[in-house]
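Take a look at the letters that make up each chain.
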Amino acid sequence: MTELSPNQLDLSRKIERLILHALAEHGQSAIAAAIGTSESTISRLKDGNLETFSKVLAALDLKVVPTTSRSIDPDRMRAFCTLFEAAMTRPDSLEHLLLEGEE
């Protein structure tokens, strides 16, 4: 059986930390009530199976992020950064772009 790569192991630890942080933030009893189970079930999940579940997600190349997170394509982000850096090298670049051809 192939084991998780170092990157996947790192990802699984991050996933586990995120889930534990969210559980602490929201409270086990509130989460248990929200999903219709007991707080002890959440506690057992946290103490017994969370590490394994986090490894499953990492092995599937999935990650856990807050619902408020947004994603941007890396190529698009590099393009934005390139354009921004180019614009910042000329303090008058905005005026230059707006006024060019209007003379």
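Everything below is about the structure printed above this text.
Re the layout of surface pockets
Inference 1: Looking at the largest pocket, its volume works out to about 270 Å³.
Inference 2: Taken together, Leu18, Ile19, His21, Ala22, Glu25, His26, Val64, Val65, Pro66 and Thr67 make up the full set of residues lining the largest pocket.
Inference 3: Here the lining of the largest pocket is built from residues that sort into six nonpolar, three polar and one charged.

A closer look at the nonpolar core
Inference 1: In this structure, Ile15, Ile19, Leu23, Ala32, Ile42, Leu50, Leu57 and Ala58 together form the largest nonpolar core, which totals eight residues.
Inference 2: If one sorts the elements of this core by residue count, helix H3 (residues 39-59) sits on top with four residues.
Inference 3: For Ile15, the contacting residues outside a window of four places in its chain are Ser54, Leu57, Ala58, Leu62, Lys63 and Val64.

Description of the packing of helix H2 (residues 28-35) against H3
Inference 1: Across the interface, H2 lies against H3 with an axial gap of 8 Å and an inter-helix angle of 110°. Between H2 and H3, the angle falls in the class roughly perpendicular. Crossing hand, H2 versus H3: right-handed. Contacts between H2 and H3 involve Gln28, Ser29, Ile31, Ala32 and Ile35 on the former and, on the latter, Glu39, Ile42, Ser43 and Lys46.
Inference 2: Looking at the contact of H2 with H3 residue by residue, the classes come out as four nonpolar, three polar and two charged.

Quick look at the packing of helix H1 (residues 6-26) against H3
Inference 1: The geometry of H1 relative to H3 is characterised by a closest axis approach of 8 Å and an angle of 145° between their N-to-C directions. Judged by the sense of rotation from one axis to the other, the crossing of H1 with H3 is right-handed. For the pair H1 and H3, the contacting residues are Gln8, Leu9, Leu11, Ser12, Ile15, Glu16, Ile19, Leu20 and Leu23 in the first and Ile42, Lys46, Leu50, Glu51, Ser54, Lys55, Leu57, Ala58 and Ala59 in the second.
Inference 2: In terms of residue class, the contact of H1 with H3 is built from 11 nonpolar, three polar and four charged.

Remarks on the pattern of salt bridges
Inference 1: Using the criterion set out here, one finds three salt bridges in the structure.
Inference 2: With a shortest N-O distance of 2.5 Å, Asp75 and Arg78 are connected by a salt bridge. Taken together, the residues Asp75 and Arg78, both in helix H4 (residues 74-88) and three residues apart, mark about one turn of the helix.

Looking at a nonpolar patch on the surface
Inference 1: Judged by side-chain polarity, Ile72, Met77, Phe80 and Leu83 come together as a nonpolar surface patch covering roughly 390 Å² of accessible area.
Inference 2: Residue placement: Phe80 occurs in helix H4.

What counts and how
Residues numbered from 1 in each chain as written. Predicted model: local features only at pLDDT ≥ 70, side-chain atom pairs only at ≥ 80, totals over all residues. Heavy atoms only, no water. 1 Å grid on protein atoms, 1.4 Å probe; cavity = no way out; pocket = protein on both sides within 12 Å on 5 of 7 lines; lining within 4 Å. Points joined across faces, edges and corners; volume = space filled by probe spheres on them. Nonpolar A, V, L, I, M, F, W, Y, C, P; charged D, E, K, R; others polar. Core = buried A, V, L, I, M, F, W, Y, C linked by side-chain atoms within 4.5 Å. Buried < 20%, exposed > 50% of the residue type's maximum accessible area, 1.4 Å probe, protein only. Helix = DSSP H or I, 4+ residues; strand = E, 2+ residues; numbered from the N terminus. Contact = heavy atoms within 4.5 Å. Axes fitted to C-alpha atoms, helices over the stretch in contact; angles between N-to-C directions. Parallel < 35°, antiparallel > 145°, perpendicular 65-115°, else oblique. Left-handed = near helix turned anticlockwise from the far one by under 90°. Salt bridge = Lys/Arg side-chain N within 4 Å of Asp/Glu carboxyl O. Patch = residues over 30% accessible without salt bridge, like charges linked within 9 Å, V, L, I, M, F, W, Y side chains within 5 Å. Areas by Shrake-Rupley, 256 points an atom, 1.4 Å probe, with all protein chains shown as cover.

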